[in-house]
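Listed here are the chains, written in short residue letters.
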There are 2 protein chains.
Amino acid sequence: MTNIKKVSELAGVSTATVSRTLKMPDMVTARTKEKVMKAVREAGYRPSWLATSVKTGRTNTIVVLVPNLVNPFFMRIIGGIEQAAQERGFTVLLCDTQGDSKRESDYASMVLTNRADGLIQLDHSFPFSDDDAKLAETIPMVSVCERIHSEKKYPVVSLDNYAASRALVHHLVSYGHTRFAVIVGQVVSQIHKDRLSGLRSVLAEEDIEFDEDMIVGQSYSIENGIESMRQLLAKPTRPTAVICFNDDIAIGAMHEIHRQGLHVPNDISVVGFDNVKVSAFMNPPLTTIDQPAYEMGRRGMEVLSDLINSIPLTRSSEMLPFQLLERQSSGPAPV
Amino acid sequence: MTNIKKVSELAGVSTATVSRTLKMPDMVTARTKEKVMKAVREAGYRPSWLATSVKTGRTNTIVVLVPNLVNPFFMRIIGGIEQAAQERGFTVLLCDTQGDSKRESDYASMVLTNRADGLIQLDHSFPFSDDDAKLAETIPMVSVCERIHSEKKYPVVSLDNYAASRALVHHLVSYGHTRFAVIVGQVVSQIHKDRLSGLRSVLAEEDIEFDEDMIVGQSYSIENGIESMRQLLAKPTRPTAVICFNDDIAIGAMHEIHRQGLHVPNDISVVGFDNVKVSAFMNPPLTTIDQPAYEMGRRGMEVLSDLINSIPLTRSSEMLPFQLLERQSSGPAPV
DNA sequence: GGTATATTTGTTATCGATTACAATAATTAC
DNA sequence: GTAATTATTGTAATCGATAACAAATATACC
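Residues numbered from 1 in each chain as written. Chains lettered and ligands numbered in written order. Predicted model: local features only at pLDDT ≥ 70, side-chain atom pairs only at ≥ 80, totals over all residues. Heavy atoms only, no water.

For this particular structure, what's the right way to read the domain arrangement of chain A?
By a widespread convention, an interface's size corresponds to the accessible area lost as its parts come together. Residue and element names in this part refer to chain A. Domain annotation of chain A identifies domain 1 (4-47), domain 2 (59-159 + 293-320) and domain 3 (161-291). Spacing between the C-alpha centres of domain 2 and domain 3 amounts to 29 Å. Taken together, the contacts link 12 residues of domain 2 with 15 residues of domain 3. When the two sides are added together, the surface that domain 2 and domain 3 hide from each other amounts to roughly 1,200 Å², 47% of it contributed by carbon and sulfur. Broken down residue by residue, the surface that domain 2 buries against domain 3 is led by Phe73, Glu146 and Leu159, which jointly contribute 42%. Run the count over domain 2 and domain 3 and you get 1 salt bridge. Of the charged contacts, one joins Arg76 and Asp290 as a salt bridge, the two residues approaching to 3.4 Å between their closest N and O atoms. Between the two partners, domain 2 and domain 3, sit 6 residue pairs in polar contact (both at pLDDT 80 or more). (Domains from an automatic or database assignment. Contact = heavy atoms within 4.5 Å. Buried area = accessible area lost by both parts, 1.4 Å probe. Salt bridge = Lys/Arg side-chain N within 4 Å of Asp/Glu carboxyl O. Polar contact = N/O pair within 3.5 Å; in protein donor to acceptor, adjacent residues only side chain to side chain.)

Below you can see the structure in the form of structure tokens.
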């Protein structure tokens, strides 16, 4: 390994001068700069990131905890994070937690072992134990998407899920739907509560009855969409509108509806959340809520960067605007 | 920050003993172990990964260069990499290169700056310049999916794209198709060449004429599928079978076919490559080549781990088996 | 030209661990 | 009980950089 010592000898200067030439070029004369750079080139020298970091105490790395890397929605968020990170000189360490709390805890502790400077949480389970909570209080951490349940309030960048849910239901009500069903994802989350109460609020205002049995599902997957739709179609009175809590679920639901020989949206309207890429190209294209995922990621990283640099935050919670995309998977209720 | 010094003082031992207690517990007596562990707990001490790595010269981190994080096919590979990495004590640094060679080069150089021990390449552009090539020769590197063009031969874990392509074409020929079209992704790649020559070989054997104009497209995206399909449908004689070089392209192609009021597969059969999750749930479900993505990732990581640990490889190139999944997007050629 | 000031470079301590080597304590052998 | 051996702990060098401080050199000014 070529190290700074070797370069300094090659250039005939001290190691300090080499370091200065590379990190603060204004402090050295043109002549020595030239000498040093020549030696650097000849030796093929690159400063060890490890050594630099250990000395400066900064890794310029942040950890992102993702529940599921395969979900393109999270990937859009990560795209935004990456962009903002790059602009600020941070590298992103992506960690697929698979909802496994052990993994999550392992990855989170990277911040404590000087492996990263901060953490962005796209999941919502960490911190889970009291131990973690205490531990987490000292580390710069931002939550994107979902509020974290903890004594200490972490900055949150999220969506107004309550309003988004209301928009979807309004859209369906305007088409004359009265028999609603919901296929949910993870139940213990703020997202879940907000969306459900948004739904309930509109139905109450419109005087539409809602059967609690029409809430099914337990995960954000295509398979859950299929299985839950199967359950719904087996019920005595079939719903005419199904609200899925993400696009994957909606894709599964539509698949099952078609499989049973029914038609979307003539028999059943299906709507989703997230607006993943493929949902626009389904047959029929999916009506969904477009979340400004990229922007959410960007903001999350900006906030985390401020936190790491001890820049005081103006506000600890931000809600970004959503957009209702009316496509062909929703239509008039069958008569 | 609680460091090893503070813990050693708290426990009344030397820093060396603390280090030994944590890393080589057999070397200390039960009594001191107890003392030290108590101090560790009290101080909430965690060894600095940075300091450890700088001393040992090992980061236990590997870099994975991904052309596109949003593609679920790559995510399956990464899942396999992560699993094998975890088993071997490695952490994965995921880098979305976006096909940008500057980014790719930046990330690749992490191995040279002691930020990672090795590299897995899912793309195929690095190393691109002579400079990079020289640089890349010294670093442990494995290519998954695609062969790398370089003097030095890197280990490769890939698919027999030639055979897979032949299987797809055979399948379509058996349905009586004679007018073929191809929508390709990135053109300058071994994958591209292998698949095309697979196609050509079968058509030659079967005495089916192939019009070179029927090769369109330039990227692995839904949009490219749409645009390319539009081009194909504008031609005087419409193809009856379209081979798409990944599932995203196929999804776009099917979408455009439907938009123009045609039917898949009655009018046109569409087949893809990769078998991403959603392709099974399209309407109609997509006939495609299932690549053992997870397994490819696993093997890639295993090989890289051996490379890093200077364990000699038994062979430098591996081809994993594929599977043709016949679904409903392909059927008999129209009469 | 000589002193004061500014600029550039070198020396050396430091970051937080690990580890070769030295020193001490505990066992064993006779 | 003493010498020889082994097990445990401590001391200090080291990894590869950075940065405070000191020293040397260059520039400014009268």
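Even after reading the chapter, I still don't get the UniProt feature "domain: HTH lacI-type" (unreviewed entry) in chain A, so can you show me in this structure?
Mapped onto the present numbering, the UniProt feature "domain: HTH lacI-type" (unreviewed entry) falls on residues 2-56 of chain A. As annotated, residues 2-56 of chain A has a helix share of 71% and a strand share of 0%, and its two end C-alpha atoms lie 21 Å apart. (UniProt positions renumbered as here; feature names shortened; annotations may be inferred. Helix = DSSP H or I, 4+ residues; strand = E, 2+ residues; numbered from the N terminus.)

Would you explain the relation of the copies chain B and chain A in this entry?
Both copies of the chain are tied together by a single rotation about an axis and a shift running along it. Relative to chain A, chain B is turned by 180° and slid 0.1 Å along the rotation axis, the superposed coordinates differing by an RMSD of 0.1 Å. On the angle and the small slide along the axis, the relation comes out as a two-fold axis. The fraction of interface residues of chain B whose copies in chain A are also interface residues reaches 100%, indicating that both copies meet through the same surface. (Least-squares fit on C-alpha atoms with pLDDT ≥ 70 in both.)

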